[in-house]
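These are the residues of each chain, in order.
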Amino acid sequence: MSEKQEMIKKLIEMQKKFIAYEHANGVTQEEYFTASEGHELNNYRQQFNDLAMKLVDVAHEEKGSHR
């Protein structure tokens, strides 16, 4: 599996876990943006965003374009 496919797979897994958590528990703004250490959503938003931006960079690199 290519690096790009691995990143897409990871993003989908992260999103599925988030949706399952949200359906089971609901998510407040505080949990999403500033979840405390040890909370299931701690750093979720940052990790998801970092991986998504890395995927964008790989896609641009493949096509020889810039963002």
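Residues numbered from 1 in each chain as written. Predicted model: local features only at pLDDT ≥ 70, side-chain atom pairs only at ≥ 80, totals over all residues. Heavy atoms only, no water.

In this fold, E31 is placed in helix α2 (residues 29–34). The buried charged residue E31 lacks any salt bridge, with R45 as its nearest oppositely charged partner at 13 Å. Dropping the residues within four chain positions of it, E31 is found in contact with Y21, G26, H39 and L41. (Helix = DSSP H or I, 4+ residues; strand = E, 2+ residues; numbered from the N terminus. Buried < 20%, exposed > 50% of the residue type's maximum accessible area, 1.4 Å probe, protein only. Lys, Arg positive; Asp, Glu negative; His and termini not counted. Salt bridge = Lys/Arg side-chain N within 4 Å of Asp/Glu carboxyl O. Contact = heavy atoms within 4.5 Å.)

Within the structure shown, the criterion is met by 2 salt bridges. The salt bridge involving K4 is made with E62; its shortest N-O contact spans 3.0 Å. Of this pair, K4 sits in helix α1 (residues 3–25) while E62 is found in helix α3 (residues 44–63), placing the two residues 58 residues apart along the sequence. A relative accessible area of 27% means that K4 is categorised as partly exposed.

What follows is about the confidence of the model for the chain. Averaged over every residue, the pLDDT of the chain is 93; residues scoring 70 or more account for 100%. For the chain, α2 is the element with the lowest average pLDDT, namely 93, and α1 is the one with the highest, namely 96. (pLDDT = per-residue confidence, 0-100.)

On to the nonpolar core, then. Listed in full, the 12 residues of the largest apolar core are M7, L11, M14, F18, Y21, A35, L41, Y44, L51, A52, L55 and V58. Mapped by element, the contributors of at least two residues to this core are α1 and α3. If near-sequence neighbours (up to four positions away) are discounted, A35 is found in contact with E30, L41 and N42. (Core = buried A, V, L, I, M, F, W, Y, C linked by side-chain atoms within 4.5 Å.)

Below, the discussion takes up the layout of surface pockets. Over the atoms a probe the size of a water molecule is rolled, and this reveals where empty space is left. A volume near 220 Å³ is recorded for the largest pocket. Every residue along the wall of the largest pocket is listed here: K10, E13, M14, K17, F18, Y21, E40, L41, N42, Y44 and Q47. Those elements that place two or more of their residues in the lining of the largest pocket are α1 and α3. Among the elements that take part in the lining of the largest pocket, α1 stands out by supplying 6 residues, more than any other. Split by residue class, the lining of the largest pocket holds 5 nonpolar, 2 polar and 4 charged. (1 Å grid on protein atoms, 1.4 Å probe; cavity = no way out; pocket = protein on both sides within 12 Å on 5 of 7 lines; lining within 4 Å. Points joined across faces, edges and corners; volume = space filled by probe spheres on them. Nonpolar A, V, L, I, M, F, W, Y, C, P; charged D, E, K, R; others polar.)

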